[in-house]
Amino acid sequence: MLYTAPLHCLEITMNKLKSITIRTDDERFEIKAVILSVKNYSGVVRKLKGQNVIAIMMIEEGKFMAFIEE
């Protein structure tokens, strides 16, 4: 069952998020979420070198969540 909600109603506990699936009329995207403990954004990029990183966000100081297209 696919649950859809207006974005203003959506609440996500970031440390429990594992993946996101985005479906369009003709494509499906699987986005994996990983949490890394590094000093800065470039540390995330170094650790995930060779992977298709589509977004990085800071959760707290020294802790980042990266989204990787699989």
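(A) Seen up close, the overall build of the protein. Counting secondary structure elements, the protein contains one helix and four strands. Starting at the N terminus, the α and β elements of the protein follow one another as β-β-α-β-β. Across the 70 residues that make up the protein, the buried fraction comes to 20%. Residue pairs in contact within the protein that sit at least 24 positions apart in sequence constitute 39% of those at least 6 positions apart. Just so you have it, the protein exposes about 5,800 Å², and 52% of that area is on carbon and sulfur atoms.

(B) The arrangement of the pattern of salt bridges in detail. Using the criterion set out here, one finds one salt bridge in the structure. The shortest N-O distance in the salt bridge between Glu-30 and Arg-28 comes to 2.8 Å.

(C) The arrangement of the packing of aromatic side chains in detail. A full pass over the atoms with the stated rule returns one aromatic pair. Ring plane angle 65 degrees and centroid distance 4.9 Å describe the contact between Tyr-41 and Phe-64, whose orientation is recorded as edge-to-face. You can see Tyr-41 sitting in helix α1 (residues 41–47) and its partner Phe-64 sitting in strand β4 (residues 63–69), a full 23 residues away along the chain. The class for Tyr-41 is partly exposed, based on a relative accessible area of 40%. Overall, the relative accessible area of 1% leaves Phe-64 in the buried class.

(D) Local environment of the confidence of the model for the protein. Of the residues in the protein, 79% reach a pLDDT of 70 or more, and the chain-wide mean stands at 83. Confidence, read as mean pLDDT per element, is least for strand β1 (residues 19–23) in the protein (85) and greatest for α1 (94).

Conventions used here
- Residues numbered from 1 in each chain as written.
- Predicted model: local features only at pLDDT ≥ 70, side-chain atom pairs only at ≥ 80, totals over all residues.
- Heavy atoms only, no water.
- Helix = DSSP H or I, 4+ residues; strand = E, 2+ residues; numbered from the N terminus.
- Buried < 20%, exposed > 50% of the residue type's maximum accessible area, 1.4 Å probe, protein only.
- Contact = heavy atoms within 4.5 Å.
- Areas by Shrake-Rupley, 256 points an atom, 1.4 Å probe, with all protein chains shown as cover.
- Salt bridge = Lys/Arg side-chain N within 4 Å of Asp/Glu carboxyl O.
- Phe/Tyr/Trp six-rings, centres within 6.5 Å; stacked < 30°, edge-to-face > 60°.
- pLDDT = per-residue confidence, 0-100.

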